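Residues per chain, in single letters:
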Amino acid sequence: MADDLHARYMQASDAWRTHRKGCDPCRSGRHCPAGAPLFERFARLQDAYTQRLRRR
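Residues numbered from 1 in each chain as written. Predicted model: local features only at pLDDT ≥ 70, side-chain atom pairs only at ≥ 80, totals over all residues. Heavy atoms only, no water.

Caption draft 1: Expanded view of the packing of aromatic side chains. Taken as a whole and assessed by the stated rule, the structure comprises four aromatic pairs. When the centroid spacing of 6.1 Å and the interplanar angle of 15° are considered together, the rings of Tyr9 and Phe42 count as stacked. Residue Tyr9 is found in helix α1 (residues 2-21), and its partner Phe42 is found in helix α3 (residues 35-55); the two are separated by 33 residues along the sequence. A residue is classified by how much of its surface remains accessible, and Tyr9, at 13% relative accessible area, is buried. Through a chain of ring-to-ring contacts, the aromatic side chains of Tyr9, Trp16, Phe39, Phe42 and Tyr49 assemble into a single cluster. (Phe/Tyr/Trp six-rings, centres within 6.5 Å; stacked < 30°, edge-to-face > 60°. Helix = DSSP H or I, 4+ residues; strand = E, 2+ residues; numbered from the N terminus. Buried < 20%, exposed > 50% of the residue type's maximum accessible area, 1.4 Å probe, protein only.)

Below, the structure is given as structure tokens:
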């Protein structure tokens, strides 16, 4: 499960970064309608992954 979580976290990170590169609102911290869910997924998975690392 940890490997799956890490893979999903990395995929979400890549999707968010790719979107952010071409989106002025997202680069400035004001998420656009397309970027908001990408950022939320990335942040949620990042939190879950770091929580798992802390428990070890």
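Okay, back to it.
Caption draft 2: Looking closely at the pattern of salt bridges. Applying the stated rule across the entire model yields two salt bridges. The salt bridge involving Arg8 is made with Asp4; its shortest N-O contact spans 3.2 Å. Remark: Asp4 and Arg8 occur in helix α1; sequence separation between them is four residues, near one turn of the helix. Of the charged contacts, one joins Asp24 and Arg27 as a salt bridge, the two residues approaching to 2.0 Å between their closest N and O atoms. Note that Asp24 and Arg27 are positioned in helix α2 (residues 24-27) at a spacing of three residues, about one turn of the helix. (Salt bridge = Lys/Arg side-chain N within 4 Å of Asp/Glu carboxyl O.)

Caption draft 3: Main features of the nonpolar core. Within the largest apolar cluster, ten residues are counted, these being Leu5, Tyr9, Ala12, Trp16, Cys23, Cys26, Cys32, Phe42, Leu45 and Tyr49. Of all elements in the fold, only α1 and α3 reach the threshold of two or more residues within this core. Sorting elements by how many residues they give to this core places α1 first, with four residues. Discounting chain neighbours no more than four positions away, the residues touching Tyr49 are Leu5, His6 and Tyr9. (Core = buried A, V, L, I, M, F, W, Y, C linked by side-chain atoms within 4.5 Å. Contact = heavy atoms within 4.5 Å.)

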